[in-house]
Amino acid sequence: MPHGARETGLTLALAGLALLCALASFLLGPSHLSAGQVVSGLFAPHGMASVIAREIRLPRALLGLLVGAALGASGAALQGLFRNPLAEPGVTGVASSAGLGAVVAFYFGLVSLSPLFLPALAVVGALVAAAILFILSRAGAGMVALVLGGVAVASFATALTALALSLSPNPYAMSDIVVWMMGALKDRTLGDVVFTAPLVLIGILLLLTTARGLDAFTLGEEAAHSLGIDVHSLRRRVVVGVAFATGAATAAAGAVSFVGLVVPHLLRPFYGYAPSRLILPSALGAAALVCAADIAVRLISPDEKLPLGVLTALLGAPFFVWLILRMRRET
Amino acid sequence: MTALAFDNVSASYGGTPVLHNVAATIRAGAVTGLVGPNGAGKTTLLRLAIRWLKSDAGAISVLDRPLAEWSAQALARAVSYLPQEADAHWPIGATELVALGRMPYRRPLAPPSREDTRIVQEMLAQCDAAEFAERRMDELSAGERARVLLARALAVQAPILLADEPAAYLDPAHQLRLMELLRAEAVRGTAVVVTLHDLSLASRFCDEVIVLHEGAVAVQAEPALALDDAHLEKIFGVRAIRVDGIVVPQERSAP
């Protein structure tokens, strides 16, 4: 089937692009090391190049891939579930709630007990938000209600996060939280990668199992049910998959918004609108985008005063508005 | 042959009773019209047959087997459902949409089989949709979309087809064409159940009509009997004239 072959080719190209961006992210940085020195640093037992390659660049590049893939797959699956091109971890409040979970882990000092608390509570936060949206969608709330519900969830999570900051007894903890909330991939360790990778991969795999069922959702839930799809199981898998992937990504990188919104949209002209075709390509495309944005952050401001999350929001928010205006014109 | 049977079935929505002791049988190879005023329970009856809703009491059988005994996949192959106000939530291609009807036959991760592809093409042609098969749903008119959606329901190749108000929102020419397609499907042996508000269409195209009134079956009979003056006046509050047996509702009768 030429159509299928073209898509496979495109998906392989996206995978290649993601790896290329991750490689560039690994090789580029403020230190004056050459590409060769960074690569050999990866295998050197000690020395400056080894520290930079293994402890700074490698975690950063790998987390770029993981965070992007998590957000891209989550965005595509949420859009399929809600049959709404505006659904996305950030817009739906899932990311803010994951953030709140992470802040709770910081605030109560749980992170110092075990670093595992950070991703664990972020996943719990994401799960709560996704569950609220899921209930809203079951109540038959339309497209606008769903987005407004997301706004409410996000505002609530942000308010509680602000309260935690305001009550924070320790200015250092407060500054930690603020910096982390802006969304960044710098100063991460291989330990962060180890905690993030399994959760993100489980989440994405779970989302991939929903692909065909989400296609049937194109006809509405009743028709999907009549085609033999277990609608309840499908919804649960999307909610849990998004919570794992987005929760872990947010724990690792803070708030990196709009990636899950923009990437599926950019890929639709190539893959069509069927949700099943978009989950994997969105994961790969978003992995490339986050790595590329993280490189851009370093190039625009070498002292890294421009956080990654701020850059994606600065580009993503106008895109979101443009998308709403375009949808209004179409309906 | 009885394709679908409801035996003293009662059902409710969130505690509110909707259907009371409904008894009805649906024949294979016939178009059965389900008519009744708004809120009479037409959609609820169809939803029971696909197990979207559970009945509170009574028994439902599909192809002479109790509904509860059917696996989800087997039921999906036996009963095809075209919901009310059906539309595509994403502007996917018409062919791609019709192919969704083959889902009950697809194995996980497997691409569509030759048989799937053949049936999709055949159903598109059968519903006069082949000429816009490559277009996207948002590029089609309401009448064209309705035909593609019907082709999707037919692609299931189920012995029972339940269509909930498929003719609503269509202009008269498209309404007639859609009803002709349903009739043709019944001629091929399918048990077609169609809910209708338009009594002219019901009297013209249905072999049998079930009149639901306040959650109960008022009458199940051939159209001339089911839609006689007494039923029309009592249940719908209208009088009618008849042109070649086709019911044409007239003024509202005095209360």
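Above this text sits the structure in question.
A short tour of the structure in this document, coming up. (Residues numbered from 1 in each chain as written. Chains lettered and ligands numbered in written order. Predicted model: local features only at pLDDT ≥ 70, side-chain atom pairs only at ≥ 80, totals over all residues.)

## Overview of the overall build of chain B
Moving on, step 1. If you tally the helices and strands in chain B, you get nine helices and twelve strands.
Moving on, step 2. In terms of overall size, chain B behaves like a compact globule, its C-alpha atoms giving a radius of gyration of 18 Å where 255 residues would be expected to give roughly 18 Å.
Moving on, step 3. Taking all 255 residues of chain B together, the buried fraction comes to 44%.
Moving on, step 4. Pairs at least 24 residues apart make up 65% of the contacts formed inside chain B by residues separated by at least 6 positions. (Helix = DSSP H or I, 4+ residues; strand = E, 2+ residues; numbered from the N terminus. Rg over C-alpha atoms; globule rule 2.2 N^0.38 Å. Buried ≥ 20, exposed ≤ 12 C-beta atoms within 10 Å, placed from the backbone. Contact = placed C-beta atoms within 7 Å.)

## Focus: the packing of helix α9 (residues 190-209) of chain A against helix α12 (residues 231-253) of chain A
All names here are of chain A.
Moving on, step 1. Contact pair α9 / α12: the axes reach a minimum separation of 8 Å and the direction vectors enclose 155°. As the angle between them shows, α9 and α12 are arranged roughly antiparallel. Between α9 and α12 lies a crossing whose hand is left-handed. Along the contact surface, α9 presents Asp192, Thr196, Leu199, Val200, Ile202, Gly203, Ile204, Leu206, Leu207 and Thr209, while α12 presents Arg237, Val238, Val240, Gly241, Val242, Phe244, Ala245, Gly247, Ala248, Ala249, Ala251 and Ala252.
Moving on, step 2. Each residue belonging to the contact of α9 with α12 can be placed in one class, and the counts come to 15 nonpolar, five polar and two charged. (Axes fitted to C-alpha atoms, helices over the stretch in contact; angles between N-to-C directions. Parallel < 35°, antiparallel > 145°, perpendicular 65-115°, else oblique. Left-handed = near helix turned anticlockwise from the far one by under 90°. Nonpolar A, V, L, I, M, F, W, Y, C, P; charged D, E, K, R; others polar.)

## A few points about the sheet that holds strand β8 (residues 191-195) of chain B
The pairing of strands in a sheet happens through backbone hydrogen bonds and is either parallel or antiparallel.
Residues and elements named next belong to chain B.
Moving on, step 1. Taken in spatial order, the six strands line up as β6-β7-β8-β3-β9-β10 in an open sheet, and their pairing is mixed. Either end of the sheet is taken by a strand with one partner, and the two such strands are β6 (79-82) and β10 (216-221). Here the strands of the sheet are splayed against their neighbours by 15° on average, with no regard to which way each runs.
Moving on, step 2. Judged from the four bridges that link them, strand β3 (residues 31-35) and β8 form a sheet pairing that is parallel. Pairing of Thr32 across the sheet is with Val193, part of β8. (Pairing = 2+ DSSP bridges.)

## Considering the interface of chain A and chain B
Moving on, step 1. In this complex, chain A contributes 16 residues to the contact, which on the side of chain B involves 20 residues.
Moving on, step 2. Counting only elements with at least two residues in the side of chain A that touches chain B, the list comes to α10 (211-216) and α11 (221-226) of chain A.
Moving on, step 3. The element contributing the most residues to the side of chain A that touches chain B is α11 of chain A, with four residues.

## Let's talk about the sheet that holds strand β5 (residues 65-66) of chain B
Residue and element names in this part refer to chain B.
Moving on, step 1. Strands sit in the order β2-β1-β4-β5 across an open sheet of four strands; the sheet is antiparallel. Two strands close off the open sheet at either side, each with one partner strand: β2 (16-27) and β5.
Moving on, step 2. With two bridges joining them, strand β4 (residues 57-62) and β5 adopt antiparallel strand pairing. Across the sheet, the residue bridging to Ser61 is Pro66, located in β5.

## Quick word on the pairing of strand β12 (residues 246-252) of chain B
Every regular strand shows the same layout, with side chains that alternate between the two sheet faces.
Residues and elements named next belong to chain B.
Moving on, step 1. Alignment of strand β11 (residues 238-243) against β12, held across five bridges, turns out to be antiparallel. Residue Arg242 lies in a different strand from β12, and its bridge partner there is Val247.
Moving on, step 2. Adjacent in sequence and paired antiparallel, β11 and β12 are bridged by two residues, among which Asp244 carries a positive phi angle near 50°.

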